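Examining the three-dimensional arrangement
This is what each chain is made of:
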Amino acid sequence: MPNVFNMVNIPYNDSQKTAEENAVPVVRVALPVPLKQEFDYSHTEALERGVRVTVPFGHRTLNGIVTDNVELPDTTQTLKNIQSVIDLEALNQSMWWSFIEKASSYY
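Every chain is numbered on its own, with residues counted from 1 as its sequence reads. A pLDDT threshold of at least 70 governs which residues receive local features in this predicted model, and a stricter bar of 80 or more applies before side-chain atom pairs are shown or counted, although totals over entire chains, interfaces and linings include all residues. Side-chain figures throughout are based on the complete set of non-hydrogen atoms in the structure, without hydrogens or water.

Another aspect to go through is the sheet that holds strand β2 (residues 39-42). For two strands to count as paired, DSSP must find a minimum of two bridges between them. For helices the rule is a DSSP run of H or I covering at least 4 residues; for strands it is a run of E covering at least 2, with both sets numbered from the N terminus onward. Pairing is antiparallel across the open sheet formed by five strands, whose spatial order is β2-β1-β4-β3-β5. The two strands at the open ends of the sheet, each matched to only one other strand, are β2 and β5 (84-85).

This is how it looks when you write it as C-alpha cells:
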C-alpha cells in the first residue's frame, strides 16, 4: 500500500514559519505630539537611530525620529508601517542625543 502522506501535495502555510522568519523589524519613533511616549512601527529593515521618517498617526501623517529598534513591540495590536524614510543617514547623534534625552525627561 503506498504512503498517502507522500502523495498529497500540501500547500505551504506561512504560519508554519519560525519566529525568526516571521519577525518584522519594529522601529520605535518619537513624534511631535503632546504625549510622553514613543510609538512602534514596522518596517522592512531596521533603521539607524536618528533617521527621520514619515508615519501615519491617527487621521494624519507626521514626521518623526527613530529612537530605537526593538525585538518586541509594546503592544499586541497590528503595527502600522513606516510610510517613508526621509534621511539616508542619521542626524548627528553623538552631539545631540544626550541633550535630546535630557530635555525630553525635563519637559
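Here we come to the side chain of S42. Structurally, S42 is set in strand β2. Using a 1.4 Å probe on the protein chains alone, a residue whose accessible area is under 20% of its type maximum counts as buried, one over 50% counts as exposed, and one in between counts as partly exposed. Classification of S42 by relative accessible area gives buried; the value is 9%. The contact criterion used throughout is that any non-hydrogen atoms of two residues lie within 4.5 Å. Ignoring sequence-local partners within four residues, the contact set of S42 consists of V24, P25, L79, K80, N81 and I82.

Quick look at the confidence of the model for the protein now. Values of pLDDT, ranging from 0 to 100, describe the predictor's confidence in every residue of the model. Chain-level statistics for the protein give a pLDDT mean of 78 and a share of 74% at 70 or above. Note that residues 4-21 has pLDDT below 50 and, in this model, five contacts with residues that lie over four places away or in other chains.

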